[in-house]
Amino acid sequence: MPPCLLSARPPSPVITCRVSLGAVRNPPPPAPPSSLPLDPPAANLPSLTCALQCPHFQSCSGCTHEFNLHRPIIVDEATDFFKSIGLLDFTFDSCRLYGWRCRAKLAVRGTSTSPLIGLYQEGTHNVVDIPHCKAHHPRINAAVELLRQGIKELNVEPYDEDDRTGDLRYVQMAVTTYNTSLPASERYRNGKVQITLVWNSRNEKSPSSDKLESLAKFLWRNGGSRSREHYIHSVWANFQTSTNNVIFGNRWRHRLGETDFWENVGGIDISLAPSSFGQANTRAFDILLRKLQKYVPYGASVTDLYAGAGVIGLSLAAARKCRSVKCVEINKESQLSFEKTVSRLPKSVDGNISWHNADNSIEPLSWLVGSDVLVVDPPRKGLDSSLVHALQSIGSAERKAKSLSESSSSMVKEEKRPWILRAKEASVQIGSKSNSENQSLPQTLIYISCGWESFKEDCKSLLSSKAWHLEKAHGFNFFPGTQSIEVLAVFKRGQGLKKKKLAKKKKNAF
């Protein structure tokens, strides 16, 4: 393992650097798709400061800093923040530094003879071509090069935002490393790419549909199962004619290749539709999930809010033999992926598992009843204010619930709240174990955050209520090259008085 030099400031958190020799090698530009240079010579190693060394840096908006990728500056800020609230053992895992991105949404602009496939330049809608991106899994770069060839050969017109003309607006590339026919050590480098072409039309019957079919066939013929180098998993089409900045439309169609996209994270096989949210950094997400599992007791009842396709909740069901797992998600498109993932859970999983299509910001406490552990993985903006308020007043809510339960134990109350009834109608239920008699509320809150600023605000709000105290916090380098970290924070009910008393005793001893 090549050494990674830490900055001059002594690192307060425990830094785990997982940079392997293969991870820091600097691959040359993608050759023709039949030859994928995934193992270049060691002479191209970056400097010992874990530098990005990307030719697109500064012009591309994807990465914001070049050096010390293993330890972004924000780690210092996070360490200081956690120290200020009494947590001294914050840890940070640097994860994989190069070729880590397994999902990419790229704009397609330019002309059919000179297409630009990449990201917008900071603060503009000018697309920067990024064929040699160091963050992308190498197979994404190869698939982008193949797409470029197809656009040129078939005279496919990239989208023009000013005139609202052209055919191809965006492309989504998603890599699956799931391949049980290969040794585990070879699966990542031999990942396959699911390509989604975002087409500028309402549906597949548009005048340009012939070009779409030709492009899909070109990609499959040159990268599919019968090509010399099989690295295309499947080709999908999404149809979008909106003039706003929303990338995808509501219509998805499978064109060629495999229909199901599988990955293995957190100890389970997960299914992800191209319309579902998926973590860009698959390996870092797997590390986080395995760390998270340690904080959930065996046989616990879990509620997973902002659940997506239920990956976190289902991984806990398998790893911790949960009595019940309840996943709540606002995006109805995630239901099918949830059902497929459940179909591959180990037979030893026999708890009550459910998925609900609902907005958990409406009466959030109704979803928490009967749970020992609450897991939240909100978007970058953080928790909904209604959920923060519910968590701040969780103690009084629990006492009230128990009081009502005792006074009306012989009465069965019919549920009439429309949002709860709608969620029940749009739900998936697996297993027969009931948890209806348990009226308790979570004693543990596990918060997964991709937005550092919003997490700090939510954390302060929770602690100020004295309903929760922070037990543990871990950081993960989900986006090397950016000032962003993923945080896993474990809160427990109450103020943690015992911990404070122990700290006082140690202080007095000195």
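Here, residues in each chain are numbered from 1, in the same order as that chain's written sequence. A pLDDT threshold of at least 70 governs which residues receive local features in this predicted model, and a stricter bar of 80 or more applies before side-chain atom pairs are shown or counted, although totals over entire chains, interfaces and linings include all residues. Hydrogen atoms and water are omitted, and side-chain values are computed over all heavy atoms in the structure.

### Here's the deal with the sheet that holds strand E8 (residues 232-239)
The pairing of strands in a sheet comes from backbone hydrogen bonds and takes either a parallel or an antiparallel form.
Here's step 1: With mixed pairing, seven strands are arranged side by side in an open sheet as E5-E4-E3-E6-E7-E8-E9. Strand pairing shows two members of the sheet lacking a second neighbour, strand E5 (127-129) and strand E9 (251-257), which therefore form its edges. Averaged over all adjacent pairs, the angle separating strand axes in this sheet is 35°, with direction ignored.
Here's step 2: Paired strands, as defined in this entry, are two strands with at least two bridges between them according to DSSP. Put simply, DSSP H or I for four residues or longer makes a helix, DSSP E for two residues or longer makes a strand, and each gets a number counted from the N terminus. As paired strands, strand E7 (residues 192-199) and E8 are joined by seven bridges and run parallel to one another. Within E8, the position partnered with Val198 by the bridge is Asn238.
Here's step 3: Each of strand E3 (103-110), strand E4 (115-120), E5, strand E6 (168-176), E7 and E8 touches helix H3 (residues 138-154); the most contacted strand, E6, lies at about 145° to it.
Here's step 4: Contacts from helix H5 (residues 209-223) reach E6, E7, E8 and E9, with the element oriented near 165° to E8. To obtain each axis, a line is fitted to C-alpha atoms, and for helices this fit is confined to the stretch in contact; angles are then taken between N-to-C directions over 0 to 180 degrees. Two residues qualify as a contact provided that any one of their heavy atoms is within 4.5 Å of a heavy atom in the partner residue.

### A short note on the pairing of E7
Here's step 1: Where burial is concerned, most of E7 is hidden: eight out of the eight residues are buried.
Here's step 2: Three exposure classes are used, based on accessible area relative to the maximum for each residue type with a 1.4 Å probe and protein chains only: buried under 20%, partly exposed in between, and exposed over 50%. What you see with E7 is no split at all: Lys192, Gln194, Thr196 and Val198 on one side and Val193, Ile195, Leu197 and Trp199 on the other are buried throughout.
Here's step 3: In this sheet, E7 lies alongside E6 in antiparallel orientation, the contact comprising eight bridges. Residue pairing for E7: Thr176 is matched across the bridge by Lys192.

### Overview of the state of the cysteines
Here's step 1: When two cysteine sulfur atoms are found within 2.5 Å, that pair is recorded as a disulfide. One pass over the structure, following the stated rule, counts zero disulfides.
Here's step 2: No disulfide involves Cys60; its sulfur sits 6.4 Å from that of Cys133, the nearest cysteine.
Here's step 3: No disulfide involves Cys63; its nearest neighbouring cysteine sulfur is the one of Cys133, lying 6.3 Å away.

### A look at the nonpolar core
One broad trend across soluble globular proteins is that nonpolar side chains are buried collectively.
Here's step 1: By nonpolar core we mean a set of buried residues, namely Ala, Val, Leu, Ile, Met, Phe, Trp, Tyr and Cys, connected to one another through side-chain atoms within 4.5 Å. In terms of nonpolar packing, the biggest core is built from 82 residues, with Leu147 and Leu197 touching the most fellow members.
Here's step 2: Leu147 has contacts with Ile117, Leu168, Val171, Met173, Leu197, Leu215 and Leu219, leaving out every residue within four places of it along the chain.

### Comments concerning the side chain of Glu329
Here's step 1: Relative to the assigned elements, Glu329 resides in strand E13 (residues 324-329).
Here's step 2: Although Glu329 lies buried, it forms no salt bridge, and the closest oppositely charged side chain, Lys381, sits 11 Å away as judged by the N-O distance.
Here's step 3: The contact partners of Glu329, leaving out residues within four places of it in the chain, are Tyr306, Ala307, Gly308, Ser334, Trp355, His356, Asn357 and Ala358. Only four residue types enter the charge count: Lys and Arg as positive, Asp and Glu as negative, with His and the chain ends excluded. Salt bridges are defined as contacts in which a side-chain nitrogen from Lys or Arg sits within 4 Å of a carboxyl oxygen from Asp or Glu.

### Some points on the pattern of salt bridges
Here's step 1: For the structure on display, the rule yields 16 salt bridges.
Here's step 2: Put simply, Glu213 and Arg255 hold a salt bridge, and the shortest N to O gap is 2.6 Å. Pair noted here: Glu213 is in helix H5 and Arg255 is in strand E9, with a separation of 42 residues, a long-range link.
Here's step 3: The exposure class assigned to Glu213 is partly exposed, which follows from its relative accessible area of 26%.
Here's step 4: Arg255 sits in the partly exposed class, given a relative accessible area of 24%.
Here's step 5: Put simply, Arg323 and Asp372 hold a salt bridge, and the shortest N to O gap is 3.3 Å. In this pair, Arg323 sits in the loop between helix H7 (311-319) and E13 while Asp372 sits in the loop between helix H9 (365-368) and strand E15 (373-376), placing the two residues 49 residues apart along the sequence.
Here's step 6: By relative accessible area, Asp372 is classed as partly exposed at 24%.
Here's step 7: In the salt-bridge network here, residues are joined through shared partners; they are Glu77, Glu453 and Lys456.

### Things to note about the packing of aromatic side chains
Here's step 1: Two aromatic rings, drawn from Phe, Tyr or Trp (for Trp, its six-membered ring), form a pair once their centres lie within 6.5 Å of each other, and the interplanar angle then sorts them: stacked below 30 degrees, edge-to-face above 60, tilted otherwise. Applying the stated criterion across every chain yields a total of 12 aromatic pairs.
Here's step 2: In textbook terms, an aromatic cluster arises when at least three aromatic residues are bridged by ring pairs, as seen for Phe81, Phe82, Phe90, Tyr447, Trp452 and Phe455.
Here's step 3: Whether a charge lies above a ring is judged from NZ of Lys or CZ of Arg, which has to be within 6 Å of the ring centre and within 35 degrees of the ring normal. Note that Arg320 overlies the ring of Tyr298, its terminal NZ or CZ placed 4.1 Å from the centroid.
Here's step 4: The ring centre of Trp262 lies 3.7 Å from the NZ or CZ of Arg344, which sits over that ring.

### Some details on the pairing of strand E14 (residues 352-357)
Here is the key point about a regular strand: its side chains alternate between the two faces of the sheet.
Here's step 1: Taking burial as the measure, the six residues of E14 include five buried ones, the bulk of the element.
Here's step 2: Seen with the strands pointing away from the viewer, any crossover whose path from the first strand over the helix to the second strand runs clockwise is right-handed. This β-α-β element, E13 to helix H8 (residues 335-343) to E14, shows right-handed connectivity.
Here's step 3: Alignment of E14 against strand E16 (residues 427-430), held across four bridges, turns out to be antiparallel. Its bridge partner lying in E16, Ile353 is registered against Ile430.

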